[in-house]
Every structure is written in C-alpha cells, then in structure tokens.
Amino acid sequence: MGGAGARPEPSPVRILLCDDHAVVRAGLLALLGSASGIEVVGEAGSGEEAVAMASHLRPDVVLMDLQLGPGIDGVEATRRIAPIGVHVLVLTTYDTDADITRAIEAGATGYLLKAERPEELFAAIHAAAQGRTTLSPPVASRVMDRMRGAAGPTLTDRERDILGQLAHGLGNREIARALFISEATVKTHLGRIYAKLGVDTRAGAVAVAKEQRLLP
C-alpha cells in the first residue's frame, strides 16, 4: 500500500531563457539544471526569437535579458509577451531608474540583477510562475526612492536647457555651441542631471525626462 497517500510531485516551472550571449545562456542552463522544480524548455538569442518561442511553447516564465543586440530589446519583447499570459522575469546587469521603469511598465513580473545568488534566482522564478513580484534589493530601493520622490527631481533652468538639447540628439560640442558655454560646463551639468535622474546614459536621461515631463 506504500505511496497510497503520497502527494503527487508538482509540475516543474517551465522556463524559456532569452539572452543574446550563448555563453551566458549555457551558464544559466547549467545553473537551472541543478535546481529542483525548474525545467528549461527553450533558449532564445534575440527578442524576436523570444516572442515567437513564448507564443509557441507557452512557458511559465521567460527569463529575459534587457540588452539583446540588433532587433527589439528585452523591454519590447516583454511588452509583446506579457499579453499572452506568460510571466516575464527580467534578469539583467542594468539597474537604472529608466530601465526598471520601462521593464515594469512593459509588464515584467519581476526584476532581478545577475549579481544575485543562485538561491535568490530560483526563488524569484518560482514566485514569477505564481504571478508574484520579486525585485532585487537595489531595484526595490530605487523603486521606493522613486515613490517617495514622486514629485520628481528639481532641475535648474540650465540643466533643463541642456536636457532639451539632449532630447534633440545633440552632442556635447553642439550643445555647448547652442548655449554659448564650454564643453566642460556641459559635461559638468550632464553629470548633475544623471545624478538627479538616477541614470548613467544620455538615452536614460531623456527617457526619464520624458516620463516625468521635465523637458522644456
């Protein structure tokens, strides 16, 4: 009569990996292969491939990188996958406010950094499969800071001017000429703008500025 009252083993969480680096995918495949209750059912090397495979395989969770080389990025892939009912767990090295905001708005269930321990990744995968949100501590801190400062950062008139020129695609030299200031001054202001907006790239600054309606 052995096993008559035993509970059936729960089905493993079915994972689709999406990362444009084959070495990273191989590492994740080996790592996830050591975890109980997780099964990798596919690997995608691009955003387009991830969207197609997610639609075909219908995994429980797509483990999604943000930067995917040519083609659509992880955010756009997430935006296309989320509506079909597949959970997307972002796994990336990027933790700027702009990246986090874009991913969450696109429908990501969770946002994890690649620096996390394997156990944290496994737990986040199981949480994502159940539709529960998991954020890496640094990401959660950024989200909380953004909520506390919902009124938005305060920029000087000059910083707004430079941000406006940045949004038009101008480089430092062109901005300096347009505003009759030195390139060194432009760089100084850009550093302050990045710090206030919580970003580290020109594209990130423009994205956050548009989101918070900071452009002149």
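Just above, that's the structure.
Remember, it's a predicted structure, so these values are computed and weren't measured experimentally. Each chain has its residues counted from 1, running along the sequence as written. Whole-chain, interface and lining totals are the exception, using all residues; otherwise, since this is a predicted model, local features are given only for residues with pLDDT of at least 70 and side-chain atom pairs are given and counted only at 80 or more. The side-chain figures draw on all heavy atoms in the structure; neither hydrogens nor water molecules are used.

Q: When you look at the packing of helix 7 (residues 157-167) against helix 10 (residues 202-211) in this model, what are you seeing that I'm missing?
A: What describes two packed helices is the angle between their axes and the distance between those same axes. At their nearest, the axes of helix 7 and helix 10 sit 10 Å apart, and the two run at 110 degrees to each other. As the angle between them shows, helix 7 and helix 10 are arranged roughly perpendicular. In this structure, helix 7 uses Leu163, Leu166 and Ala167 to contact helix 10, whose residues at the interface are Arg202, Ala205, Val206 and Ala209. Residue composition of the contact of helix 7 with helix 10, by class: 6 nonpolar, no polar and 1 charged. Simply put, an axis is a line fit to the C-alpha atoms, just over the touching stretch for a helix, and the angle between two N-to-C directions goes from 0 to 180 degrees. Only DSSP runs of H or I covering at least 4 residues are called helices, and only runs of E covering at least 2 are called strands; the numbering of each starts at the N terminus. Here roughly perpendicular refers to angles of 65 to 115 degrees, roughly parallel to angles under 35, roughly antiparallel to angles over 145, and oblique to all remaining angles. Contact criterion: two residues are considered in contact whenever any of their non-hydrogen atoms come within 4.5 Å of each other. Each residue gets one label: Ala, Val, Leu, Ile, Met, Phe, Trp, Tyr, Cys and Pro are nonpolar, Asp, Glu, Lys and Arg are charged, and the others, such as Gly, are polar.

Q: I'm lost on the pattern of salt bridges in this one. Help?
A: Any two side chains of opposite charge can pair if their charged atoms end up close together. Here, a salt bridge means any side-chain nitrogen of Lys or Arg that lies within 4 Å of a carboxyl oxygen of Asp or Glu. Within this structure, the stated rule accounts for 11 salt bridges. Among the salt bridges present, the one from Glu119 reaches Arg117, with a minimum N-O distance of 3.7 Å. A relative accessible area of 49% places Arg117 in the partly exposed class. Salt bridges linked by common partners bring Asp19, Asp65 and Lys114 together as one network. Classification of residues uses two cut-offs on accessible area relative to the type maximum, computed with a 1.4 Å probe and protein chains only: under 20% is buried, over 50% is exposed, and between them is partly exposed.

Q: Please explain helix 2 (residues 47-57) as it appears in this structure.
A: Note on helix geometry: an α-helix contains 3.6 residues per turn, so any two residues three or four positions apart are oriented the same way. Of the residues making up helix 2, those classed as buried are Gly47, Ala50, Val51, Met53 and Ala54. Where helix 2 is buried, its residues contact strand 1 (13-18), strand 2 (38-44), strand 3 (61-64) and helix 3 (74-81). Two residues or fewer past helix 2, Arg58 is found with a positive phi of approximately 50 degrees.

Q: I would appreciate a short explanation of the environment of Arg102 in the present structure.
A: Along the chain, the position of Arg102 falls in helix 4 (residues 97-106). Take Arg102: its relative accessible area is 32%, and that puts it in the partly exposed class. Distance in space between the C-alpha atoms of Arg102 and Gly74 is 9.9 Å, their sequence separation being 28 residues. Arg102 has contacts with Asp73, Val75 and Arg79, leaving out every residue within four places of it along the chain.

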